[in-house]
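Observations on chain architecture
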Amino acid sequence: MVKERARILVVGGGYVGMYTALRLKRRLRQELRRGEAEITVVTPDAYMTYQPFLPEAAAGNISPRHVVVPLRRVLDGCRVVIGEVRSVHHAERTVTLTTLATEDEGTGPQKLSYDEIVLAPGSVSRTLPIPGLAEHGIGFKTVEEAIGLRNHVIEQMDIASSTRDPAIRDAALTFVFVGGGYAGVEALAELEDMARYAARYYHNVKPEDMKWILVEASDRILPEVGAEMGRYTVTELRRRNIQVLLGTRLKSCKGRVAVLSDGQRFPTRTVVWTAGVKPHPLLDATDLPRTDRGRLRCTAELTVEGHAHAWAAGDAAAVPDLTADEPGRDCAPNAQHAVRQARVLGDNIAHSLRGEPLETYAHKYAGSVASLGLRKGVAHVYGRKLKGFPAWFMHRTYHLSRVPTFNRKARVVAEWTLSALFKREIVSLGSLEHPRAEFELAAGGKPPYEPPHDPKGSS
Ligand SMILES: Cc1cc2nc3c(=O)[nH]c(=O)nc-3n(C[C@H](O)[C@H](O)[C@H](O)COP(=O)(O)OP(=O)(O)OC[C@H]3O[C@@H](n4cnc5c(N)ncnc54)[C@H](O)[C@@H]3O)c2cc1C
């Protein structure tokens, strides 16, 4: 029996937010029915993004709609608020939040009270003060970025195909990715594979005209699959003519020229930044303890240290890794931990409300799978190392088993089956980013490009 009415607030609708709310729905079914508990989820988007599928979405193998899960549908019975928590005052048990209506209302952020809070705002790209990065860099964490990048790559091929200026053509066909973790390697490998395929439909762009470059500061890539499989990935990418530059940093991308620490310069219109993540900046606006890396300092029971009614997990939380060989290590920020932590977190909130003892979180990292393009991959899972087609097949079956809801699984399988039967989609819908442009022009707006004024008036 829980106390009078427990108001549970979940901040974030990603892996941790969605799975915690689902777990709570199941564990507190009776209490929710009797009105003794309520679950509110605050999240900026009405969907959860299955991030491991973003590289496949960028390659066009899965539609953007199918890599996201509609929260209102799966969290039926919870209050889903589309908004952003701006600050957390745990001492008072309140948060401030803005919603889509805040600006129109002109009332400023609203206050929301809670009894239990789950902090799961995840992480954001960890950037560095590199000249030109803020203006020209492209991130790869959201579905909008993945689809934007796909459109951008195809558009660059179109620019290269239509220009007579070799410098413009060269810059358009140079693609620089910074950071060799799974997001960077998979995004580059999938997009290169897609662009190589698309090149067969261009009369004047060949795969060997394109320069794909991976810049990594350390001496290895894909640490998630271990040293041996990381070395295999370097060899495999280089065999595909991709330049893998280890022990190298991006120093500047000002004026659309990527300048590297080894002195190389690459004029380019594409710099994709996937050099790691840092905890979400919302955590700066809380009164809760944090580590020197900015994650919330948590216990193995997933409470925030010293605060019984504040809970956290996933990328935003430093949860002790009880299975690590060296003591004092925290769980790495990845989906494998996020999903499992969310289940324990949901159970522990239910235990806490009922006055039962809490469970501790312990999970030994099982390894990772990565796709390197259609029918190519690398994997190191439970001590088994796989490469090429078997690894790629494992990547697909693993993620299919993990993507939430039967509905999504069925749609993803249908898409994979269709793309195996028919040719790949190579169309760029760049104008989706400016859907009103055509109508504005028709209604008398300025054209996006006006030809230079000819002083002689000749035509
Ligand atoms: C391209 C890519 C590929 C990946 N592939 C893998 C993989 O193969 N295997 C693996 O284990 N991991 C992978 N990861 C990492 C994995 O996706 C993350 O570790 C996981 O998403 C972390 O879960 P989370 O719930 O902490 O954060 P997220 O899933 O990022 O969720 C955070 C949520 O909080 C919301 N939010 C942000 N700010 C606020 C606010 N102010 N108020 C309310 N809500 C807010 C966000 O909109 C989002 O919904 C990948 C990541 C990327 C980017």
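Residues numbered from 1 in each chain as written. Predicted model: local features only at pLDDT ≥ 70, side-chain atom pairs only at ≥ 80, totals over all residues.

Notes on the overall build of the chain
- Assigned secondary structure in the chain consists of 14 helices and 25 strands.
- Taken over C-alpha atoms, the radius of gyration comes to 24 Å for the chain, in line with the 23 Å a tight globule of 459 residues would show.
- With respect to the three principal axes, the spread of C-alpha positions in the chain is 80 × 60 × 45 Å.
- Taking all 459 residues of the chain together, the buried fraction comes to 40%.
- Residue pairs in contact within the chain that sit at least 24 positions apart in sequence constitute 66% of those at least 6 positions apart. (Helix = DSSP H or I, 4+ residues; strand = E, 2+ residues; numbered from the N terminus. Rg over C-alpha atoms; globule rule 2.2 N^0.38 Å. Buried ≥ 20, exposed ≤ 12 C-beta atoms within 10 Å, placed from the backbone. Contact = placed C-beta atoms within 7 Å.)

Regarding the UniProt feature "domain: FAD/NAD(P)-binding" (unreviewed entry) in the chain
- The sites that UniProt annotates as "domain: FAD/NAD(P)-binding" (unreviewed entry) are residues 7-341.
- Overall, residues 7-341 shows 30% helix and 27% strand. The separation of its end C-alpha atoms is 21 Å. (UniProt positions renumbered as here; feature names shortened; annotations may be inferred.)

Here we look at the sheet that holds strand S7 (residues 110-113)
- Taken in spatial order, the eight strands of this open sheet run S7-S6-S5-S2-S1-S8-S21-S20, and their pairing is mixed. The sheet is open, and its two borders are formed by S7 and strand S20 (303-304), each paired with just one other strand.
- Packed on one face of the sheet, helix H1 (residues 15-27) meets strand S1 (6-11), strand S2 (37-43) and strand S8 (116-119) and runs near 165 degrees to S2. (Pairing = 2+ DSSP bridges. Axes fitted to C-alpha atoms, helices over the stretch in contact; angles between N-to-C directions.)

As for the site of the ligand
- The environment of the ligand is made up of 33 residues, and the closest members are Gly12, Gly14, Gln51, Gly122 and Gly314.
- When the residues that make up the shell around the ligand are grouped by side-chain class, the tally is 18 nonpolar, 11 polar and four charged.
- Shared between two domains, the shell around the ligand holds at least three residues of each, these being domain 1 (6-123 + 278-354) and domain 2 (133-275 + 367-421). (Near = placed C-beta within 6 Å. Nonpolar A, V, L, I, M, F, W, Y, C, P; charged D, E, K, R; others polar. Domains from an automatic or database assignment.)

Structural notes on helix H11 (residues 335-354)
- Helix length check: H11 (20 residues) gives 29 Å between terminal C-alpha atoms against 28 Å at 1.5 Å per residue, within 8%.
- The complete set of buried residues in H11 reads His337, Ala338, Gln341, Ala342, Val344, Leu345, Gly346, Asn348, Ile349, Ala350 and Leu353.
- Close packing links the buried residues of H11 with S1, H1, S8 and strand S21 (307-312).
- Looking at the residues trailing H11, positive phi occurs at Gly355, about 75 degrees. (Expected span 1.5 Å × (residues − 1).)

What to know about the domain arrangement of the chain
- When the domains of the chain are assigned, the result is domain 1 (6-123 + 278-354) and domain 2 (133-275 + 367-421).
- Domain 1 puts 20 residues into the contact, and the matching count from domain 2 is 24 residues.
- When contributions to the side of domain 1 that touches domain 2 are tallied by element, the ones reaching two or more residues are helix H3 (54-59) and strand S4 (68-70).
- Tallying contributions element by element places H3 first for the side of domain 1 that touches domain 2, with six residues.
- The residue makeup of the side of domain 1 that touches domain 2, split by class, is 14 nonpolar, five polar and one charged.

Some words on the nonpolar core
- Counting 122 residues, the largest nonpolar core has Phe177, Leu296, Ala312 and Ala313 as its most contacted members.
- A per-element tally of this core places helix H9 (residues 182-198) first, with 10 residues.
- Apart from residues no more than four positions distant in its own chain, Ala313 is found in contact with Val16, Ala120, Leu302, Val319, Ala338, Gln341, Ala342 and Leu345. (Core = buried A, V, L, I, M, F, W, Y, C linked by C-beta atoms within 7 Å.)

With respect to the sheet that holds strand S11 (residues 174-178)
- One open sheet holds the five strands; their spatial order is S10-S17-S11-S12-S13, and the pairing between them is parallel. The open sheet has two edge strands with one neighbour each: strand S10 (137-138) and strand S13 (243-245).
- As defined by bridge partners, strand S12 (residues 211-215) adjoins S13 across three bridges and the pair is classed as parallel. In the strand pairing of S13, Ile213 is matched with Gln243.
- With respect to the sheet, H9 is in contact with S11, S12 and strand S17 (270-273), its orientation differing from that of S12 by roughly 175 degrees.

Concerning unusual backbone geometry
- Of note in the backbone geometry, Arg93 takes a positive phi value of approximately 60 degrees without being a glycine.
- As for its placement among the helices and strands, Arg93 is situated in the loop between strand S5 (79-89) and strand S6 (94-99).
- The class of Arg93 is partly exposed, set by 17 C-beta atoms lying within 10 Å.
- Residue Arg256 is not a glycine yet carries a positive backbone phi of 60 degrees.
- Structurally, the position occupied by Arg256 is in the loop between strand S14 (250-252) and strand S15 (257-260).
- Residue Arg256 is classed as partly exposed on the basis of its 16 C-beta neighbours within 10 Å.

Comments concerning H1
- An ideal rise of 1.5 Å per residue puts 18 Å on 13 residues; H1 measures up with 18 Å between its terminal C-alpha atoms.
- Along H1, the residues that are buried comprise Tyr15, Val16, Gly17, Met18, Tyr19, Thr20, Ala21, Leu24 and Arg27.

Some points on the packing of H1 against H11
- Packing of H1 against H11 leaves a shortest axis separation of 8 Å and a crossing angle of 35 degrees. Where H1 crosses over H11, the handedness of that crossing is right-handed. Across from Tyr15, Val16, Tyr19, Thr20, Arg23, Leu24 and Arg27 in H1, the residues of H11 making contact are Ala335, Ala338, Val339, Gln341, Ala342, Arg343, Leu345, Gly346, Asp347, Ile349 and Ala350.
- Looking at the contact of H1 with H11, its residues break down into 11 nonpolar, three polar and four charged. (Left-handed = near helix turned anticlockwise from the far one by under 90°.)

Describing the packing of helix H7 (residues 143-162) against H9
- Between H7 and H9, the least distance of the axes is 11 Å, while the angle of their chain directions is 35 degrees. Crossing angle aside, the handedness with which H7 passes H9 is right-handed. For the pair formed by H7 and H9, the contact residues are Leu149, Val153, Ile154 and Met157 on the first element and Leu191, Ala195 and Ala198 on the second.

A word on the environment of Gly373
- Residue placement: Gly373 occurs in the loop between strand S23 (367-371) and strand S24 (377-381).
- The class of Gly373 is buried, set by 24 C-beta atoms lying within 10 Å.
- Along the sequence, Gly373 and Arg231 sit 142 residues apart, while their C-alpha atoms lie 17 Å from each other.
- Setting aside residues up to four positions removed in sequence, Gly373 forms contacts with Ala189, Glu190, Glu192 and Asp193.

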